[in-house]
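The primary structure of each chain is shown beneath.
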Amino acid sequence: STLDRSSAASDVYKRQLYFLMIRPQMKRQKEHRNLIAALAKGDEVVTAGGMLGKVTKVNDSYVTVEVSELADKPVEIIMQKSSVSTVLPKGTIKAL
């Protein structure tokens, strides 16, 4: 009856919500976890703040990124691994 129809409609809505919003977000989170786990020295990255740099050191929670050079010395920043949003193809920074 009416209760059965509203329950069925609710189930359909929940499935749509899952496939349109929750599942894609979970997929993005998994891809980001894999990206963070695979970070290595020499990778060229983009940070969440939009900075580009080259990874010089990696440890459990943090990564050191060279973002510039000043008087032939590297300018490095230490950041949380989770702040890395994208790994670029090698040579991208030099091409800019």
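A brief look at the structure comes next. (Residues numbered from 1 in each chain as written. Predicted model: local features only at pLDDT ≥ 70, side-chain atom pairs only at ≥ 80, totals over all residues. Heavy atoms only, no water.)

**With respect to the pairing of strand β2 (residues 52–58)**
Here is step 1 of the chain: The sheet contact formed by strand β1 (residues 44–47) and β2 spans 3 bridges and is antiparallel. Note on β2: the bridge partner recorded for V45 is G53.
Here is step 2 of the chain: Linkage of β1 to β2, two consecutive antiparallel strands, is achieved through a turn of 4 residues, within which G50 is found at a positive phi near 95°.
Here is step 3 of the chain: Between β2 and strand β3 (residues 62–70), which pair antiparallel one after the other, the connecting turn spans 3 residues. (Pairing = 2+ DSSP bridges. Helix = DSSP H or I, 4+ residues; strand = E, 2+ residues; numbered from the N terminus.)

**Considerations on the pattern of salt bridges**
Here is step 1 of the chain: According to the stated counting rule, one finds 1 salt bridge in the structure shown.
Here is step 2 of the chain: D43 is the partner of K90 in a salt bridge, and the nearest nitrogen-oxygen pair spans 3.3 Å. Taken together, the positions of K90 in the loop between β5 (84–88) and α2 (92–95) and D43 in the loop between α1 (2–37) and β1 put the pair 47 residues apart, joining distant regions of the chain.
Here is step 3 of the chain: Of the residues examined, K90 reaches a relative accessible area of 59% and is grouped as exposed.
Here is step 4 of the chain: Look at D43 and you get buried, because its relative accessible area is 13%. (Salt bridge = Lys/Arg side-chain N within 4 Å of Asp/Glu carboxyl O. Buried < 20%, exposed > 50% of the residue type's maximum accessible area, 1.4 Å probe, protein only.)

**Description of the packing of aromatic side chains**
Here is step 1 of the chain: According to the stated counting rule, one finds 1 aromatic pair in the structure shown.
Here is step 2 of the chain: Note on Y18 and F19: the rings are 5.2 Å apart at their centroids and 85° apart in plane angle, and the pair reads as edge-to-face. (Phe/Tyr/Trp six-rings, centres within 6.5 Å; stacked < 30°, edge-to-face > 60°.)

**Concerning unusual backbone geometry**
Here is step 1 of the chain: Positioned with a positive phi, A71 is a non-glycine residue whose angle comes to about 55°.
Here is step 2 of the chain: Overall, A71 belongs to the exposed group, its relative accessible area being 70%.
Here is step 3 of the chain: With a phi angle near 60°, D72 is a residue other than glycine that sits in the positive phi range.
Here is step 4 of the chain: Tracing the sequence through the fold places D72 in the loop between β3 and β4 (73–80).

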